[in-house]
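An overview of the molecular structure
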Amino acid sequence: NNFSKGDLIMRKVLLATTALVAMSVTAASADVTIGGSYRFQYQVNNDAANSSSSDGNITIKSSATADNGVTYGVVSNNGIHTGNVEDAYLSMSGDFGLIKMGMLDSALDDADGILVGNQPYKGAGYATGSLVGQAITVGAETNATVNFASPSINGVKFVASFDDTAGESGYGVSYSTGIVSIIVQSKTGGDDDETNGAIAMSVAGVGLNFSTKNTTPATGTKTTNTGVAGSYSVGGINLVASSESAKQGTRKDSHTSIGATYTVAPGVTAAVEQFDDKVNGSKSSGTFFSLNV
């Protein structure tokens, strides 16, 4: 009550200045980035009604490096089209490698880019119920998991993923020379055991990929997947053709695709892809067009 009007004004200025300084210190102590993408797709189906869909994400990342050289970070990845959180995890990285803990794709999924199923644009994906696909899924993305990726040592890298909620664990090793890349992965626990492997070669814009996967359920019939893909990149255009098949007893499923992507501008990609599916005797096919920003 003994402050003059001038004193009160000065106190407000000091408080505001202190707040700004505090904000500046906080911002300087961590690196925060916001980014995202959005894709719209129109699909012409030969055996059903045409359809359109969209998919988008906004990702917020923050990180800071401690005095001991370890970088700590937090990531939140949210679906723009659904408003749902798709990934939320913390990370630690350093000379020991990278550890991610929380809700996210497994470390095996992060390391399987050379699988045949990952080469096409995959806007349409596999038909519902298809046995085709060489990727290994460890647990569920909605569970809290622990994932590890080692640093690359002479081109060799190890990954591991653990989901105690689902009772599953996965391990993988990869090797790359820059021209040739190889991965081998396995998963145990849950309802089945899975193993996959792939080899890829890339020279002067020409790529060739082979991959396979075996799924052995606790009860039931073993499923075997195989696939081959070829690609060619030039002047912002990437052409890809792939053929995949799966066998489970007498049942045979398949998926083939051929398509192209074009970089319209930095961060803008247009795609067109034709696909044919065979699932347990039923056939479907179509063509999709998409724009991703």
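Below: a short report on this structure. (Residues numbered from 1 in each chain as written. Predicted model: local features only at pLDDT ≥ 70, side-chain atom pairs only at ≥ 80, totals over all residues. Heavy atoms only, no water.)

**Description of a positive patch on the surface**
Judged by side-chain charge, Lys247, Lys252, Lys278 and Lys283 come together as a positively charged surface patch. Examined against the element boundaries, Lys283 turns out to sit in strand 16 (residues 282-292). (Patch = residues over 30% accessible without salt bridge, like charges linked within 9 Å, V, L, I, M, F, W, Y side chains within 5 Å. Areas by Shrake-Rupley, 256 points an atom, 1.4 Å probe, with all protein chains shown as cover. Salt bridge = Lys/Arg side-chain N within 4 Å of Asp/Glu carboxyl O. Lys, Arg positive; Asp, Glu negative; His and termini not counted. Charge placed at Lys NZ, Arg CZ, Asp CG, Glu CD. Helix = DSSP H or I, 4+ residues; strand = E, 2+ residues; numbered from the N terminus.)

**Here's the deal with the packing of aromatic side chains**
All chains considered together, the criterion is met by two aromatic pairs. Ring centres of Phe162 and Tyr171 lie 5.7 Å apart, and the angle between their planes is 80°; this geometry places the pair in the edge-to-face category. Geometry around Tyr126 places Lys122 over its ring, the cationic atom sitting 3.5 Å from the centre. (Phe/Tyr/Trp six-rings, centres within 6.5 Å; stacked < 30°, edge-to-face > 60°. Lys NZ or Arg CZ within 6 Å of the ring centre and 35° of its normal.)

**So, the side chain of Asp163**
Summarising the element assignment, Asp163 is placed in strand 7 (residues 156-163). Lacking a salt bridge, the buried Asp163 has Lys187 as its closest oppositely charged neighbour, with an N-O distance of 9.8 Å. At 3.1 Å, the side chain of Asp163 and the backbone nitrogen of Ala166 are in polar contact. With residues near it in sequence (within four places) discarded, Asp163 still touches Val138, Gly139, Ala140, Asn143, Ala144, Thr145 and Glu168. (Buried < 20%, exposed > 50% of the residue type's maximum accessible area, 1.4 Å probe, protein only. Polar contact = N/O pair within 3.5 Å; in protein donor to acceptor, adjacent residues only side chain to side chain. Contact = heavy atoms within 4.5 Å.)

**Considering the pairing of strand 7**
Pairing geometry for strand 6 (residues 145-149) and strand 7, over four bridges, is antiparallel. From the neighbouring strand, Phe148 faces strand 7, where its bridge partner is Ala160. Taking the residues between adjacent antiparallel strands as the criterion, strand 6 and strand 7 are bridged by six residues, where Asn154 takes a positive phi near 55°. As paired strands, strand 7 and strand 8 (residues 168-176) are joined by eight bridges and run antiparallel to one another. Paired with Ser161 across the bridge in strand 8 is Gly170. Count of turn residues in the strand 7/strand 8 antiparallel hairpin: four residues, of which Gly167 carries a positive phi of about 70°. (Pairing = 2+ DSSP bridges.)

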